Amino acid sequence: MAHDHEHEHDEEQFITLVDENGNEQLHEVLFTFDSDEFEKSYVFFYPVGSFDDEEEDVDIHVYAYIPTEDGGYGPLLQIETDEEWDMVEEVFNTFNEDQEAEEE
């Protein structure tokens, strides 16, 4: 999948990914965070409508990104090292635990 995207400033945050065939796919931002250790910002997002069917697993995407001057998402960068993936997984697991605690 290509890393072309757009950011719309709205109440909810969205990213549009463009695949290798030029098809646009709208994704909703789940959350973002910054890592001092890796000196990068990260964004977690999923295809819009994914949570409509609670029976189906949701594909969560995560990329590093370079913030733009206006606070948007710059180029999306793939995560390349195991150490970086371990850190991202730990942050995501903590996010999930916090969400589950809020639902109780």
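Everything in this summary refers to the structure shown in the same document. Just so it is clear, the model here is predicted, and its values are computed rather than measured.

**Here's the deal with the nonpolar core**
Moving on, step 1. Within the largest apolar cluster, eleven residues are counted, these being Phe31, Phe33, Tyr42, Phe44, Val62, Ala64, Ile79, Met87, Val88, Phe92 and Phe95.
Moving on, step 2. At the level of elements, β3 (24–35), β4 (40–47), β5 (61–67) and α1 (82–103) are the ones that each hand at least two residues to this core.
Moving on, step 3. Counting residues per element, this core draws most heavily on α1, which supplies four residues.
Moving on, step 4. Sequence-distant contacts of Met87, defined by excluding residues within four places in its chain, comprise Phe33, Ser35, Glu37, Phe38 and Tyr42.
Moving on, step 5. Core analysis: the second largest hydrophobic core is formed by nine residues, Leu17, Val43, Phe45 and Leu76 among them.

**Section: the layout of surface pockets**
Moving on, step 1. Put simply, the largest pocket is a space of about 170 Å³.
Moving on, step 2. In terms of lining residues, the largest pocket is bounded by Leu30, Phe51, Asp57, Val58, Ile60, Phe92, Phe95, Asn96 and Gln99.
Moving on, step 3. Looking at the lining of the largest pocket element by element, the count peaks at four residues for α1.
Moving on, step 4. Grouping the constituent residues of the lining of the largest pocket by class yields six nonpolar, two polar and one charged.

Conventions used here
Residues numbered from 1 in each chain as written. Predicted model: local features only at pLDDT ≥ 70, side-chain atom pairs only at ≥ 80, totals over all residues. Heavy atoms only, no water. Core = buried A, V, L, I, M, F, W, Y, C linked by side-chain atoms within 4.5 Å. Buried < 20%, exposed > 50% of the residue type's maximum accessible area, 1.4 Å probe, protein only. Helix = DSSP H or I, 4+ residues; strand = E, 2+ residues; numbered from the N terminus. Contact = heavy atoms within 4.5 Å. 1 Å grid on protein atoms, 1.4 Å probe; cavity = no way out; pocket = protein on both sides within 12 Å on 5 of 7 lines; lining within 4 Å. Points joined across faces, edges and corners; volume = space filled by probe spheres on them. Nonpolar A, V, L, I, M, F, W, Y, C, P; charged D, E, K, R; others polar.

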